[in-house]
Amino acid sequence: MKCTDFNNKLAELTDPEKIPEDMRQHISTCVACREVYEKDLMLMHFIDEEKSAKVSPFITTRILARINQPQQKPWFVKPALVSVMSAALIILGFASASILYSHPPESDATAIIASEYYFDNNPASQLEEIWLNSYQYE
């Protein structure tokens, strides 16, 4: 028997445990077909176990009740509430900005930066002076 013939006959069987003698002889010599047969047996046993599992008699009722249950609409924020909340956030933003920037800038900090940059023989300031002086005479 060829492997294709074996597979075709195996697919036609209703009870894979009761196989004809020619198929038994083939699986005794062919390792690949024996593996296919064993996997087929395992599949059939698994299907039989699933069929025999007891299901709650009320599961159909619960599923149908869930299907027929009116769907709840998701909660949407009303447009007026969105406008009010947006205005409140804008006001809060302006208030926090005014609090943060209410202190006058320290003039000492500006003087310190200027003195460090221009008066301490900073190489960058020297380059700027050279550059400015070179365009003065053109």
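Calculation notes
Residues numbered from 1 in each chain as written. Predicted model: local features only at pLDDT ≥ 70, side-chain atom pairs only at ≥ 80, totals over all residues. Heavy atoms only, no water. Disulfide = S-S within 2.5 Å. Buried < 20%, exposed > 50% of the residue type's maximum accessible area, 1.4 Å probe, protein only. Patch = residues over 30% accessible without salt bridge, like charges linked within 9 Å, V, L, I, M, F, W, Y side chains within 5 Å. Areas by Shrake-Rupley, 256 points an atom, 1.4 Å probe, with all protein chains shown as cover. Salt bridge = Lys/Arg side-chain N within 4 Å of Asp/Glu carboxyl O. Helix = DSSP H or I, 4+ residues; strand = E, 2+ residues; numbered from the N terminus. Axes fitted to C-alpha atoms, helices over the stretch in contact; angles between N-to-C directions. Parallel < 35°, antiparallel > 145°, perpendicular 65-115°, else oblique. Left-handed = near helix turned anticlockwise from the far one by under 90°. Contact = heavy atoms within 4.5 Å. Nonpolar A, V, L, I, M, F, W, Y, C, P; charged D, E, K, R; others polar.

Caption draft 1: A look at the state of the cysteines. Per the counting criterion, the structure on display carries zero disulfides. For the unlinked cysteine Cys-3, the closest cysteine sulfur is that of Cys-33, found at 3.5 Å. The class for Cys-3 is partly exposed, based on a relative accessible area of 34%. The thiol of Cys-30 is unpaired, and the distance to the nearest cysteine sulfur, on Cys-3, comes to 3.6 Å. Under the relative-accessibility criterion, Cys-30 is labelled buried at 14%.

Caption draft 2: Expanded view of a nonpolar patch on the surface. On the surface, Val-55, Ile-59, Ile-63, Leu-64 and Ile-67 cluster together into a nonpolar patch covering about 460 Å² of accessible area. The topology assignment puts Val-55 in the loop between helix H3 (31-52) and helix H4 (59-68).

Caption draft 3: Fine view of the packing of helix H1 (residues 3-12) against helix H2 (residues 21-29). At a minimum axis distance of 11 Å, the contact between H1 and H2 shows a crossing angle of 130°. Comparing their axes, H2 and H1 come out oblique. Relative to H2, the crossing made by H1 is left-handed. Residues Cys-3, Phe-6, Lys-9 and Leu-10 of H1 form the contact with H2, whose participating residues are Asp-22, Met-23, His-26 and Ile-27. Grouping the constituent residues of the contact of H1 with H2 by class yields five nonpolar, one polar and two charged.

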